[in-house]
Amino acid sequence: MKKIFFLLLALTLLTGCAAPAPAEPEPLPDEPPAVEETASLPEPRRLKPISAPAVVTEGREPAEDYDLPPLPRDTDWTTYRINADHWVTDGPNIAVLAEDREADAVLYGLPLYANTSQETALIRWGDSLAEFDWTLFPGPSMTLPQIKGLDGGLGVNRLAVICQVGSGTGVSIEELHILEKGPDGTLTAYTFPESLWQEEIPKLFDTAELNGRTFAILGHELVEFHYEGLELDLESASSGMIADFSTEDRGGLRFRGAFCLSPPDSAMPCYVAETSAQILYENGIFTLQDFHLYSYDQ
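About the thresholds
Every residue gets a number counted from 1 within its own chain, in the order that chain's sequence is written. For a predicted model such as this one, the threshold for reporting local features is a pLDDT of at least 70, and the threshold for listing and counting side-chain atom pairs is 80 or more; totals across whole chains, interfaces and linings nevertheless cover every residue. Side-chain numbers come from the whole structure's heavy atoms, not from hydrogens or water. By the criteria applied, helices consist of DSSP H or I runs no shorter than four residues and strands consist of E runs no shorter than two, each listed in order from the N terminus. Under the convention used throughout, the expected extent of a helix is 1.5 Å for every residue step, that is, one less than its residue count. Burial classes: relative accessible area under 20% of the type maximum marks a residue as buried, over 50% as exposed, and values in between as partly exposed (1.4 Å probe, protein chains only). Contacts: residue pairs with any heavy atoms within 4.5 Å of one another. For Phe, Tyr and Trp, where Trp contributes only its six-membered ring, two rings pair if their centres lie within 6.5 Å, and the inter-plane angle classes them as stacked under 30 degrees, edge-to-face over 60, or tilted in between. Any Lys NZ or Arg CZ found within 6 Å of a ring centre and within 35 degrees of that ring's normal is scored as a charge over the ring. Side-chain atoms within 4.5 Å are what join buried Ala, Val, Leu, Ile, Met, Phe, Trp, Tyr and Cys residues into a set we call a nonpolar core. Strands are labelled as partners when DSSP assigns at least two bridges between them. To obtain each axis, a line is fitted to C-alpha atoms, and for helices this fit is confined to the stretch in contact; angles are then taken between N-to-C directions over 0 to 180 degrees.

In this section: helix H2 (residues 77-89). Under the 1.5 Å per step criterion, the end-to-end length of H2 is 19 Å for 13 residues, consistent within 8% with the ideal 18 Å. Taken as a whole, H2 has its buried residues at Thr 79, Tyr 80, Arg 81, Ala 84 and Trp 87. Where H2 is buried, its residues contact strand E3 (95-100) and strand E4 (105-109). Positive backbone phi, approximately 85 degrees, marks Gly 91, located one or two places after H2.

Okay, structure coming up:
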């Protein structure tokens, strides 16, 4: 009898400790739930300097022994404006178009003749004289050329000459020439290459659309732009026809350009922002760095 009791007790204990049967697993969904995509702007990027060799031109000895006019007593802008007007309209003559008296440098426009469209600049720097075939007045704006001594820390060792070579509606193109003087007094011009602003700068441009807003992007800077009533191809970024140069204190140089887009299947330039960059020059190489982007709405 005791044996039967203990067997029944053991069966009861075993039944109480048994784990419940596992539940049937839920079937996996046919596809994972969709993740909502979040639009965002491109990651900002740090822009590296870009460089290109200068276009080199040796100055020519003057074609003749010119009778150079005296320097004007007044160095006001209007003086050179009047000189330029007489140079263009009053027949063959030589005119003082720009000067830097501190650097003892003068830019003369040599006589314009009816049988040639070539404009020639005569540069006097100290005792050195040299001719260069440069465009001095390209169009209706007739922006005056500029000449400025650049101080390399040991006095003026270079000249910067800026000449406008294209002007008009949506067009403002200048050339920058850096002049160096050889031991024998000869002058050599190192010209800022067009490829830097026409080809290399646009490679740094980005565009983006976000929540119905459109942005121009240059490195870590961006500006929003609007172009009402016109569709623009965001893959068509270029510098357009804007390339201006300026001199700064202590011999600094700066470039000012544009961020340009065009409609699909058209080359019509639509300017959406301005750009700028610092210019460095050394050993025949021009470098652009310190890029900035500006809104036309500022």
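The rest of the description comes next.
Moving on: the side chain of Ser 262. Within the element layout of this structure, Ser 262 appears in strand E16 (residues 253-262). Contacts of Ser 262, omitting those with residues within four sequence positions, involve Leu 232, Asp 233, Ser 236, Ala 267, Met 268 and Pro 269.

Turning our eyes to something else, we now look at the packing of aromatic side chains. Summed over the entire model, instances satisfying the criterion amount to eight aromatic pairs. Aromatic side chains Tyr 190 and Tyr 281 sit 5.8 Å apart centroid to centroid with 45 degrees between the ring planes, which places their arrangement in the tilted category. Taken as a pair, Tyr 190 in strand E10 (residues 187-191) and Tyr 281 in strand E17 (residues 270-282) lie far apart in primary sequence, 91 residues in all. Assigned by exposure class, Tyr 190 and Tyr 281 land together as buried. These aromatic residues form a ring-pair network of at least three members: Tyr 190, Phe 192, Phe 245, Phe 255, Tyr 281 and Phe 286. A cation sits over an aromatic face here: Lys 181 above Trp 125, 4.7 Å from the ring centre.

A word on the nonpolar core. Formed by 39 residues in total, the largest nonpolar core has its most connected members in Leu 176, Ile 178, Phe 192, Ile 279, Phe 286 and Leu 288. Counting residues in each nonpolar core, the second largest holds 32 residues, with Ala 95, Ala 98, Ala 130 and Trp 134 among its members.

Backbone geometry at Asp 265 places phi at a positive 60 degrees, although glycine is not the residue there. Among the secondary structure elements, Asp 265 is positioned in the loop between E16 and E17. With phi around 50 degrees, Asn 283 is a residue other than glycine that occupies positive phi space. Residue placement: Asn 283 occurs in the loop between E17 and strand E18 (285-295). Residue Asn 283 is classed as exposed on the basis of its relative accessible area, which comes to 71%.

Before going further, it helps to spend a moment on the sheet that holds E4. Here we have four strands laid out as an open sheet, ordered E3-E4-E5-E6, and antiparallel in their pairing. Two strands bound the open sheet, and with one partner strand each, they are E3 and strand E6 (128-132). Pairwise comparison of adjacent strand axes, ignoring direction, gives a mean angle of 20 degrees for this sheet. Each of E3 and E4 touches H2; the most contacted strand, E3, lies at about 150 degrees to it.

Before going further, it helps to examine the sheet that holds strand E12 (residues 213-218). Across the sheet, which stays open at both edges, the three strands sit in the order E11-E12-E13 with antiparallel pairing between neighbours. Edge positions in the sheet fall to strand E11 (205-210) and strand E13 (221-225), since each of these pairs with one other strand and no more. Mean inter-strand twist for the sheet, computed between neighbouring axes without regard to direction, equals 25 degrees.

Summarising the sheet, strand E8 (residues 156-168) and strand E9 (residues 171-181) pair through nine bridges and their orientation is antiparallel. In the strand pairing of E9, Gly 166 is matched with Ile 173. The loop that links E8 with its antiparallel partner E9 comprises two residues; one of these, Gly 170, has a positive phi angle of about 70 degrees. When E9 meets strand E15 (residues 242-247), the two strands line up parallel, connected through two bridges. From the neighbouring strand, Ser 172 faces E15, where its bridge partner is Ile 242. As paired strands, E9 and E10 are joined by five bridges and run antiparallel to one another. Bridged to His 177 within E10 is Thr 191. As consecutive antiparallel partners, E9 and E10 are separated by five residues, and within that stretch Gly 185 has a phi angle of approximately 90 degrees, a positive value.

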